[in-house]
Amino acid sequence: MAVAGSGNVYVTDNGNNRVEEFTSSGAYVTQWGQFGSGDGQFKYPFGIAVDGSGNVYVADASNNRVQKFTSSGAYLTQWGSFGSGDGQLWGPYGIAVDNSGNVYVADASNDRIEKFDSSGGYLTQWGSGASPDGKFGAFGVALDGSGNVYVADPGNNRVQKFTSSGAYLTQWGSSGTGDGQFIYPTGIAVDGSGNVYVTDPGNNRVQEFTSSGAYLTQWGSSGTGDGQFLGPIGIATGGTGNIYVTDTPNSRIEEFAPAVTVAPTHRRTSRLRLTTATHRSAGQPLHPMVAAPSPDTRSRHQVANRHRSMAAPRRRSSSA
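Residues numbered from 1 in each chain as written. Predicted model: local features only at pLDDT ≥ 70, side-chain atom pairs only at ≥ 80, totals over all residues. Heavy atoms only, no water.

Draft legend 1. Spatial organisation of the overall build of the chain. Assigned secondary structure in the chain consists of one helix and 28 strands. Looking at the chain as a whole, 56% of its 320 residues are labelled buried. As presented, the chain carries roughly 12400 Å² of accessible surface, and 45% of it is formed by carbon and sulfur atoms. (Helix = DSSP H or I, 4+ residues; strand = E, 2+ residues; numbered from the N terminus. Buried < 20%, exposed > 50% of the residue type's maximum accessible area, 1.4 Å probe, protein only. Areas by Shrake-Rupley, 256 points an atom, 1.4 Å probe, with all protein chains shown as cover.)

Draft legend 2. Seen up close, the pattern of salt bridges. Summed over the entire model, instances satisfying the criterion amount to nine salt bridges. In this structure, Glu20 and Arg18 form a salt bridge, with 3.4 Å as the shortest nitrogen-oxygen distance. A single burial state applies to Glu20 and to Arg18, both of which are buried. Linking Glu254 and Arg252 is a salt bridge whose minimum nitrogen-to-oxygen distance equals 3.4 Å. The exposure class assigned to Glu254 is buried, which follows from its relative accessible area of 1%. Put simply, Asp13, Arg18 and Glu20 are held in one network by salt bridges that share partners. (Salt bridge = Lys/Arg side-chain N within 4 Å of Asp/Glu carboxyl O.)

Draft legend 3. Inspection of the packing of aromatic side chains at higher detail. A full pass over the atoms with the stated rule returns 25 aromatic pairs. Ring centres 6.5 Å apart and planes at 45° place the aromatic pair Tyr44 and Tyr93 in the tilted group. Here Tyr44, found in the loop between strand 4 (28-32) and strand 5 (45-50), pairs with Tyr93, found in strand 9 (residues 92-97); they are 49 residues apart in sequence, far enough to count as distant. Judged by relative accessible area, Tyr93 falls into the buried class, the value being 4%. Consider the rings of Tyr150 and Trp172, whose centres lie 6.4 Å apart with planes at 65°: the pair is edge-to-face. (Phe/Tyr/Trp six-rings, centres within 6.5 Å; stacked < 30°, edge-to-face > 60°.)

Draft legend 4. Region of interest: the sheet that holds strand 16 (residues 168-172). With antiparallel pairing, the four strands of this open sheet are ordered in space as 13-14-15-16. Bordering the open sheet on either side are strand 13 (140-143) and strand 16, each of which pairs with just one other strand. Taken pair by pair, the neighbouring strands of this sheet meet at an average axis angle of 20°, ignoring direction. The sheet contact formed by strand 13 and strand 14 (residues 149-153) spans four bridges and is antiparallel. Bridged to Ala142 within strand 14 is Tyr150. (Pairing = 2+ DSSP bridges. Axes fitted to C-alpha atoms, helices over the stretch in contact; angles between N-to-C directions.)

Draft legend 5. Geometry of the sheet that holds strand 20 (residues 215-219). Pairing is antiparallel in the open sheet, where four strands are placed in the order 17-18-19-20. Looking at which strands have only one partner, the edges of the open sheet turn out to be strand 17 (188-190) and strand 20. Across this sheet, the average inter-strand angle for adjacent strands is 20°, counted without regard to direction. Here strand 18 (residues 196-200) pairs with strand 19 (residues 205-209) via five bridges, running antiparallel.

Draft legend 6. Looking closely at the confidence of the model for the chain. In this model, the chain carries an average pLDDT of 84, and 80% of its residues clear a pLDDT of 70 or more. Of the regions scoring below 50 in pLDDT, residues 261-320 engages in 133 contacts with residues more than four places distant in sequence or in other chains. (pLDDT = per-residue confidence, 0-100. Contact = heavy atoms within 4.5 Å.)

Draft legend 7. Examining unusual backbone geometry more closely. Unlike most non-glycine residues, Tyr184 shows phi in positive territory, near 65°. Looking at where Tyr184 falls in the secondary structure, it is placed in the loop between strand 16 and strand 17. Unlike most non-glycine residues, Ser251 shows phi in positive territory, near 55°. Taking relative accessible area as the criterion, Ser251 reaches 14% and is therefore assigned buried.

Draft legend 8. Structural context of the environment of Leu169. Relative to the assigned elements, Leu169 resides in strand 16. Taking the C-alpha atoms as reference, Leu169 lies 8.6 Å from Gly134; in sequence the two are 35 residues apart. If we skip the residues at most four places from it in the chain, Leu169 touches Asn148, Lys161, Phe162 and Thr163.

Draft legend 9. Representation of the pairing of strand 2 (residues 9-13). Burial runs high along strand 2: five of the five residues are buried. Neither face of strand 2 is left uncovered, since the one carrying Val9, Val11 and Asp13 and the one carrying Tyr10 and Thr12 both have all their residues buried. Pairing of strand 1 (residues 2-3) with strand 2, which is carried by two bridges, proceeds in the antiparallel orientation. Note that in strand 2 the partner of Ala2 across the bridge is Tyr10. Relative to strand 3 (residues 18-22), strand 2 is paired through five bridges, and the arrangement is antiparallel. Looking across to strand 3, one finds that Tyr10 is bridged to Glu21. Linking two consecutive strands that pair antiparallel, namely strand 2 and strand 3, is a turn of four residues; a positive phi of about 50° is found at Asn17 within it.

Here is the structure:
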């Protein structure tokens, strides 16, 4: 999921192999895509990002490529092929674009981040599959205003932070249910103040951190009610500071108000937000939106296990 400068929200509907666009309040705008491997077609589209000009980039996971479109869905170009060489991809999942238009792709089954220019020209890469600093099983990727790169590393239950060229900076997180711990973190986003939001699907919550990884707050619990989740995966922030979460098994998008620090402590409390004459606090949904249909209502651990397997696509046989 991604939020454009206009405020419109783009969602990859991978079960229907399409992209859908909504207004910031959830009104349907348009869609494009269908199952296939041709231009503008998809096989399990997953990550999505929007650049400063409104162009839309989609990680087309099972086609092992990135596709680029105009804001209204007109096909522009693509790059990538199956493999582990420079510029090749094996199950790309997360994707982000920096202020210069460079594109960062979480190449999940190659356990790396690849960086491209806006036309798909290969620039650099970093990472490998392990647990030391700078190594990971990449899933989600996000950028801050300074160009620093944040990677959700679900296999190691942590977030890692890098410079725009891939130099390791720091990390945080461990396996568990406590503050700042994760069970298979997947989605990651950064707001205009540099705060980092991470979807923690195994715990059915979103956690918020400073840019250096200090824990701030969290929200969510298991369920189908407003503000609850059944394995939240994607996350994005808008220009207003609102936070959008893909609550995949509940087949919806939930929108939340931001929070602000009100006391000199590592915890944060919610800010009251006036929306259509109603005060809503951080962690309360503003506008739920429909996402991909799904009958899945599994427990948090089953949801986490499902996305573990999704993050490691099997190598295709020669007859595939």
